[in-house]
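Results of the structural survey
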Amino acid sequence: MKINGQKNIKIAVQQKGRLNEKSLELLEQAGLDFESYKRKLYTRCRNFPLDILYVRDDDIPEYVADGIVDVGIVGEDVIYEQQVKVKQLAPLNFSYCSLNIACPSGFKIKKPTDLNGLKIATSYVNCLRKYLQKNKVKAEIIELSGSVEVAPSLDVADCICDVISTGGTMRINDLAPVFKLFDSQAVLIADPKSLKTKWKQEIIERLTMRIKSLVQARKTKYVMLNAPRQAVDKIIAMIPGVDSPTIVPLAKSDMVAVHSVVEEEIFWEVIENLKKAGATGILVSPIEKMII
Ligand code: ATP
Ligand code: ZN
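This report concerns the structure included in the present document.

Conventions adopted
- Residues numbered from 1 in each chain as written.
- Chains lettered and ligands numbered in written order.
- Predicted model: local features only at pLDDT ≥ 70, side-chain atom pairs only at ≥ 80, totals over all residues.
- Heavy atoms only, no water.
- Helix = DSSP H or I, 4+ residues; strand = E, 2+ residues; numbered from the N terminus.
- Rg over C-alpha atoms; globule rule 2.2 N^0.38 Å.
- Buried < 20%, exposed > 50% of the residue type's maximum accessible area, 1.4 Å probe, protein only.
- Contact = heavy atoms within 4.5 Å.
- Near = heavy atom within 4 Å.
- Polar contact = N/O pair within 3.5 Å; in protein donor to acceptor, adjacent residues only side chain to side chain.
- Areas by Shrake-Rupley, 256 points an atom, 1.4 Å probe, with all protein chains shown as cover.
- Nonpolar A, V, L, I, M, F, W, Y, C, P; charged D, E, K, R; others polar.
- Domains from an automatic or database assignment.
- Pairing = 2+ DSSP bridges.
- Axes fitted to C-alpha atoms, helices over the stretch in contact; angles between N-to-C directions.

**Considering the overall build of the protein chain**
Along its length, the protein chain carries eight helices and 17 strands. Relative to the compact-globule value of 19 Å for 292 residues, the protein chain shows a C-alpha radius of gyration of 24 Å, a clear excess of over 25%. Residue burial in the protein chain is summarised as follows: out of 292 residues, 46% are buried. Here the analysis covers contacts within the protein chain between residues at least 6 apart in sequence; of these, 68% occur between residues at least 24 apart.

**Some points on the site of ligand 1**
Surrounding ligand 1, one finds 16 residues, the nearest of these being Arg18, Arg56, Asp57, Asp58 and Asp77. At a separation of 3.0 Å, an oxygen atom of ligand 1 approaches a polar side-chain atom of Gln14. Interatomic distance of 2.7 Å between a side-chain N/O atom of Asp57 and an oxygen atom of ligand 1. Protein contacts shield 76% of the accessible area of ligand 1, which totals 630 Å² for the unbound molecule. Taken together, the residues of the shell around ligand 1 sort by class into five nonpolar, five polar and six charged. Both domains that meet at the shell around ligand 1, namely domain 1 (2–95 + 186–217) and domain 2 (97–183), each give it at least three residues.

**Digging into the sheet that holds strand 15 (residues 246–249)**
Here four strands make up an open sheet; going across it, the order is 15-16-14-17 and the pairing antiparallel. Both edges of this open sheet fall to strand 15 and strand 17 (280–286), since each of them pairs with a single strand only. Across this sheet, the average inter-strand angle for adjacent strands is 20°, counted without regard to direction. Pairing analysis gives four bridges linking strand 15 to strand 16 (residues 255–263), with the strands arranged antiparallel. Bridge pairing links Thr246 to His259 in strand 16.

Right under this line is the structure:
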């Protein structure tokens, strides 16, 4: 899209649904300034050469693969199901879920071939077919476009194959996951053709860098603590920093201050170990951006 001589790339995000809010928040926190999308089909960023299109998430992989837009934010599950050719640029760390085959809790399903002869309802027909073929299971696939989890209680199918995050909806319908096909999260994807067009590729790279540094920062905390000098080596070994932690001597000569970053995932474990090793005055703060 070219307006007033300025060339913009286009990104597709979900118009409404589970991905919408987090996708927009990500773009905003990456420093992009754009008008509220409400009632609009597309908006233009004020401070970055990017137009944002609001579409159904199922359309995003195809829009990207066909070059209608250059990049998109969508769940990996939709990409796997649609089997389109797009380039994954960055995992985004939200909308975690997994695709599972689930059966009524009374079913005794131990191995995939125990599904032989059963009817499985799903909207992930391609993913399920591949899984059944790979595991040599002869089951019937019932294609549904939504509310798959009620299929067994309506006698439309015996089991289902659907995405879950906490599994709450399945439990309510008395279903238990038996086999996991794959894990999924939201990802930033690009049209391989756009990546071969120099001006587009440059903008995509700038956008990806911003998003990656934001995602990395969200995963990481900045930790400051005081430690007895003789415990420093032990403490440093416990905090795997970006490079190596900063050690600052304190006025009290037997103490030093240690500054470092810690990944959110191992955060509490590291803090507990640090306390045991004699760390005091532990301060933890979020990191806004992390450029590595
Ligand atoms: P649209 O109207 O845009 O087609 P939709 O109903 O198909 O929306 P949503 O329910 O908003 O899609 O889900 C979008 C994505 O959110 C899924 O593709 C998946 O990647 C992710 N997701 C995360 N957790 C769950 C969950 N518990 N159930 C379903 N999808 C989930
Ligand atoms: Zn959808």
